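# Structure assessment
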Amino acid sequence: MRMDGEIEPDELEERLGDDIRVVDIRNSLAFDHGHIPGSENIPFNELPQRVDALDGADHVVTVCPHGKSSVQAASLIKSYEGIGEDTPVESLAGGLDGWDGPLDSNTADREADEGPQSPF
């Protein structure tokens, strides 16, 4: 079973929050630096072991830097038995390079957790 194609960045931005699971397949450091709001990080090398986290999803969109690896990730997810046959699984066309929408970042949280701050 193959993935369902690609979704354009502007369409995804309009539909964020519409029961779409956005799966960013980059490593956790890249994800923390900046990611599509509401997306979840499942690095590509962990996807075969963690794909069950997507059981019952209504719609899945995979994201990578340039839109190449996410095509493979979407195919892997679509072939998983926990994903319904009618569940759309798409790759973000052009990847994050094509995304003009907002990005969330976890780096501020990480910096705040690095220890006590100087009182001065």
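Please read all numbers here as calculations on a predicted model, not as lab measurements.

## Section: the pairing of strand β4 (residues 60-63)
Of the two faces of β4, both are covered, the one formed by V60 and T62 as well as the one formed by V61 and V63. As judged from the three bridges shared by β4 and strand β5 (residues 89-92), these two strands associate in the parallel manner. Of the residues in β5, the one forming a bridge with T62 is S91. Crossover β4 to β5 through helix α4 (residues 69-79) is right-handed.

## Examining the nonpolar core
Among the nonpolar cores identified, the biggest contains 15 residues, and V23, L54, V60, I77, I83 and V89 are the most heavily contacted of them. Among the elements that line this core, the one with the most residues is α4, at three residues. Here I77 is in contact with L47, V51, L54, V60, T62, I83 and V89, once residues within four sequence places are set aside. By size, the runner-up hydrophobic cluster in this structure holds 10 residues, among which are I7, I20, L96 and W99.

## As for the side chain of T62
Among the structural elements, T62 can be located in strand β4. We classify T62 as buried; its relative accessible area is 0%. Excluding its chain neighbours within four sequence positions, the residues that come into contact with T62 are V23, S70, A73, A74, I77, E90, S91 and L92.

## Examining α4
Where α4 is concerned, the buried positions are S70, A73, A74, S75, I77 and K78. Contact partners of the buried residues in α4: α3 (47-50), β4 and β5.

## What to know about the confidence of the model for the chain
Taken as a whole, the chain shows an average pLDDT of 89; of its residues, 87% reach a score of 70 or greater. Per-residue pLDDT stays below 50 along residues 110-120; that stretch engages in four contacts with residues further than four places along the chain or on separate chains.

## Considering the sheet that holds β5
Pairing within the open sheet is parallel, and its five strands lie in the order β1-β5-β4-β2-β3. For this open sheet the edge positions go to β1 (6-7) and β3 (40-41), each flanked by a neighbour on one side alone. Packing of α4 onto the sheet brings it into contact with β1, β4 and β5, and relative to β5 it is tilted by some 170°.

## Let's talk about the side chain of K78
By secondary structure assignment, the location of K78 is in helix α4. Overall, K78 belongs to the buried group, its relative accessible area being 4%. A polar side-chain atom of K78 sits 3.2 Å from the main-chain carbonyl oxygen of E85.

Thresholds, definitions, all that
Each residue is numbered by its place in its chain's sequence as written, counting from 1. Confidence filtering applies because this is a predicted model: local features only for residues at pLDDT of at least 70, side-chain atom pairs given and counted only at 80 or more, and all residues used for totals across whole chains, interfaces and linings. Excluding hydrogens and water, the side-chain values take into account all heavy atoms of the structure. Only protein chains enter the accessibility calculation, which uses a 1.4 Å probe; a residue is then buried when its area is under 20% of its type maximum, exposed when over 50%, and partly exposed in between. In this text, helices come from DSSP runs of H or I with a minimum length of four residues, and strands from runs of E with a minimum of two, each type numbered from the N-terminal end. Should DSSP find at least two bridges between two strands, the strands are taken to pair. Whether a crossover is right-handed depends on one test, that the path from the first strand over the helix to the second runs clockwise when the strands point away from the viewer. As used here, the term nonpolar core means buried Ala, Val, Leu, Ile, Met, Phe, Trp, Tyr and Cys residues forming a set that is joined through side-chain atoms within 4.5 Å. Two residues qualify as a contact provided that any one of their heavy atoms is within 4.5 Å of a heavy atom in the partner residue. What pLDDT reports is the predictor's confidence in each residue, on a scale of 0 through 100. Lines are fitted to the C-alpha atoms to define the axes, a helix being fitted only along its stretch in contact, and any angle between axes, read from their N-to-C directions, falls within 0 to 180 degrees. Think of a polar contact as two N or O atoms within 3.5 Å of one another; within protein, one of them needs to be a possible hydrogen donor and the other a possible acceptor, and neighboring residues in sequence only count if both atoms come from side chains.

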